[in-house]
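Inside the fold
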Amino acid sequence: MKKRFMLAVLILLFALVCPALSVCQAAGGATASPDHITLTWTDNPATTMTVTWRTDATITKGFVEYQKMAVPSDAAKRVKAASFGFTTDIQATRLFTAKLTGLSPNTKYSYRVGDGSRWSGKHAFMTADPKTKSFKFLVFGDSQSPADDYSLWGKIVHNAYNVNPDAKFMVNVGDLVDVGQDGAHWNSWFAAAEGVIDNIPEMPVVGNHETSGSPDTRRPAYWNAQFRLPQNGPVGLKNQVYSYDYGPVHLVVLDSQQSEQKQYGDILTPQVKWLDADLAASKAKWKIVFYHKGSYSVKDGRKNKKVKNAFSPVIEKHHIDLVFNAHDHGVGRTYPIKGDAYMPEPSKGTIYYVAGRSGTKAYDDVHKREWNTFFYNPQDQPNYFVIDVTDTTLTVKTVNMDGTLVDTFVIKKNNNTGRLNRFARPLALWLKSDRRLVAAGAGR
Ligand SMILES: [Fe+2]
């Protein structure tokens, strides 16, 4: 009897101190206190913000408290969060989501999340200025790290944000984690990104690794549970496929994981139909599309033909300015392309980037392909991109984790019509590097 009593006391003590023990956090992470706090948009970036977080399964209610930072007298508002239980391979958790609405544009807010008694620390976000014509955002290629060591990802995302504190949001172009249905990988990923994704929205893309790790489903279940995104995509693919606007830019996120989700039928055709309508409806000056498996790969032997044949005709029909792909862990930039032909200037074609890597995994079989005007293999350290947008220019900077500038590429667009669209670099100089590839149809 005495032994049983002692055992019960020990279990109780362990439950009380577990949240503070690293062994407990490594095993599952979630406690009664909020973590994995993440900003996204599910609606207008000027007047709304969506906040998600998690706790362990003992917590059943959640709130966001927020107020304007520049107005000390502004009374804190409280919004009740929706929540659902989500059991990972290692732990039962509860995920909370709240959409803050009616926010003032171009305004900084402080916020905290909690159940009314246990609160997170104070965080802050900035709403968009709907009239802005000039802003920047960050793009990261695959952050996946096979040994569940996301320290490099943590370093690069913090480095990128520290030197670009005015970035308005960030995009991970898929394969955020190595094993998509593995709670430990996500715990490490979120812990590494803490301090960034709770300050600026993260608008992620599904990669093939988000679908891995589960024998009974190849839907990106953990990804869908943890990120709340615009619900304007095609039926059956909502959250995984979406679009939104920020300033003069229309941004579209697609799902290239047909082969991993083949048991759900054809997921490309519904996206093509949706994409055609989505792009036709947009009057944005700049248009950027993201999907994981690229139309123009830099990795030996990779073609991604089904994805390319589905997405690229619609992308090029609507003259998308930039496409960001990933998957290859190398950096590539193509000529302007239309119908597999290399065009002499961006006004006549779409430029495809492969986004390199922001995690530990690097390949040695990535090379400059015939369609590339720029190639870089980030073997020594990961890389990221800073996208600077103005009314007349779209600038893509490729930057190493240590801040070294690798490449700058600028597209110019006429201020009035949007039709005059040239490289900032003189065309003659650009053509000099490989004139033969400019001929329409070369390199098909
Ligand atoms: Fe991938």
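In short, a report on the structure. The numbering scheme is per chain: residues are counted from 1 as the chain's sequence reads. With the structure being a predicted model, the display of local features is reserved for residues of pLDDT at least 70 and the display and counting of side-chain atom pairs for 80 or more, all residues being used for whole-chain, interface and lining totals.

Moving on, we get to the pairing of strand β6 (residues 92–100). Among the nine residues in β6, seven count as buried, and that is most of the element. Note on pairing: DSSP must find at least two bridges between two strands before they are called paired. Secondary structure elements are taken from DSSP: a helix is a run of H or I of four residues or more, a strand is a run of E of two residues or more, and numbering for both begins at the N terminus. Summarising the sheet, strand β2 (residues 49–56) and β6 pair through eight bridges and their orientation is antiparallel. Bridging from a neighbouring strand, Met-49 pairs with Leu-100 of β6. For strand β5 (residues 82–87) and β6, the ladder comprises six bridges, and the chain directions are antiparallel. Within the sheet, the bridge partner assigned to Phe-86 lies in β6 and is Thr-93. Counted along the chain from β5 to the antiparallel partner β6, the turn is four residues long. To assign burial, the other C-beta atoms lying within 10 Å of each residue's own C-beta are counted, with C-beta atoms placed from the backbone; 20 or more indicates buried, 12 or fewer indicates exposed, and intermediate counts indicate partly exposed.

An α-helical segment advances 3.6 residues per turn. Residues three or four places apart therefore align on the same side. In a helix, the anticipated span is given by 1.5 Å times the number of residues less one. Compared with the 20 Å implied by 1.5 Å per residue over 14 residues, the 20 Å span of helix α6 (residues 268–281) between its first and last C-alpha is a close match. Turning to α6, its buried residues are Gln-271, Trp-274, Leu-275, Asp-278 and Leu-279. One side of α6 holds all its buried residues, which, seen down the axis, span an arc of 125°. Set apart from the buried face of α6 by more than 90 degrees, the exposed residues are Thr-269, Lys-273, Ala-277, Ala-280 and Ala-281. Here contacts are defined at the residue level, using C-beta atoms placed from the backbone and a cut-off of 7 Å between them. Turning to α6, the residues buried within the fold contact β11 (242–246), β12 (249–253), β13 (286–293) and α7 (305–317). The directions considered for the arc run from the helix axis to the C-beta atoms.

To continue, consider α7. For α7, built from 13 residues, the straight-helix expectation of 18 Å at 1.5 Å per residue is met to within 8% by its first-to-last C-alpha distance of 18 Å. To get the bend at any residue, fit one axis to the seven residues that end at it and another to the seven that begin at it, then take the angle between the two axes. At Phe-311, α7 is bent by approximately 30°, the largest bend along its length, and proline Pro-313 sits one to four residues beyond. The complete set of buried residues in α7 reads Val-307, Lys-308, Ala-310, Phe-311, Ser-312, Val-314, Ile-315 and Glu-316. Those residues of α7 that are buried are in contact with α6, β13, β14 (322–326) and β16 (337–338). Taken from the residues just after α7, His-319 is the one with a positive phi, measuring 50°.

The quantities given are spatial measurements derived from coordinates; they are silent on function.
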